[in-house]
Amino acid sequence: MTSNKKILGSDRRNLLLKLLKDASNPIPGRELGEITNVSRQVISGDITLLKAKGEPIIATNRGYVYMHPLVEQNKIEKVIVCNHTSEQTEEELNILVDHGIIVKDVKVEHPIYGDLTASVMVSNRSEVQNFIENIKQTNAALLLELTEGIHLHTIVAKSEQEIENAEDALRKADILVE
């Protein structure tokens, strides 16, 4: 789908929007740059402009995602509070995805900056493994390290029962805060 012709300005942003809306998986900035024959930095600027216009695009560790409204998909969204060590992050995420949960984000309350939110966007063990590997490879700190382990997750499920089952499993692992 790449061409030698650079796609310019608003035409490029319209194409990016269409690609992201149609995608079922995150698309890396590098790949979007190859498709439009511009640099990843230009793509990053385009995404910033699209976000400023109100487009619900998020950057994940696997690429950009267009956040379609969940209401249309008949899914339930809930915020849960968790507390665990950095070493238990993989266990926590695996418990959630094993119960059919999508972990949308993580949020902590910082004493200076207020609420800090980061995209997680994992829905299966393979995605959890990739997330954990990215953390290790980049030596990045987890947000929970700023709050002695206390953090929130926005989770998405098909049913209340999936959420209840996941919460029970987190309770048994002594991770859920109630």
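Everything below is about the structure printed above this text.
Everything in this summary refers to the structure shown in the same document.

Parameters at a glance
Residues numbered from 1 in each chain as written. Predicted model: local features only at pLDDT ≥ 70, side-chain atom pairs only at ≥ 80, totals over all residues. Heavy atoms only, no water. Core = buried A, V, L, I, M, F, W, Y, C linked by side-chain atoms within 4.5 Å. Buried < 20%, exposed > 50% of the residue type's maximum accessible area, 1.4 Å probe, protein only. Helix = DSSP H or I, 4+ residues; strand = E, 2+ residues; numbered from the N terminus. Contact = heavy atoms within 4.5 Å. Salt bridge = Lys/Arg side-chain N within 4 Å of Asp/Glu carboxyl O.

1. Description of the nonpolar core
In terms of nonpolar packing, the biggest core is built from 23 residues, with Ile-80, Leu-93, Leu-96, Ile-101, Val-120, Val-122 and Leu-170 touching the most fellow members. Elements with a contribution of two residues or more to this core: β3 (76-83), α4 (89-98), β4 (102-110), β5 (114-122), α5 (125-138), β6 (150-157) and α6 (160-172). Among all residues touching Leu-170, those that are not within four sequence positions of it are Ile-80, Cys-82, Glu-92, Ile-95, Leu-96, Ile-175 and Leu-176. If you look at the next biggest cluster of nonpolar residues, it comprises 14 residues, including Leu-17, Leu-19, Leu-50 and Tyr-66.

2. What to know about the pattern of salt bridges
Under the counting rule described, the total for this entry stands at 10 salt bridges. A salt bridge links Arg-13 to Asp-46, with the nearest nitrogen and oxygen atoms 3.0 Å apart. Separated by 33 residues along the polypeptide, Arg-13 in helix α1 (residues 9-22) and Asp-46 in helix α3 (residues 40-52) bring together distant segments of the chain. Under the relative-accessibility criterion, Arg-13 is labelled buried at 18%. Across the pair Arg-30 and Glu-34 runs a salt bridge, and its minimum N-O distance is 3.5 Å. In this pair, Arg-30 and Glu-34 are both assigned in helix α2 (residues 29-36), four residues apart and thus about one turn of the helix distant. One network of salt bridges, with partners in common, ties together Arg-12, Arg-13 and Asp-46.

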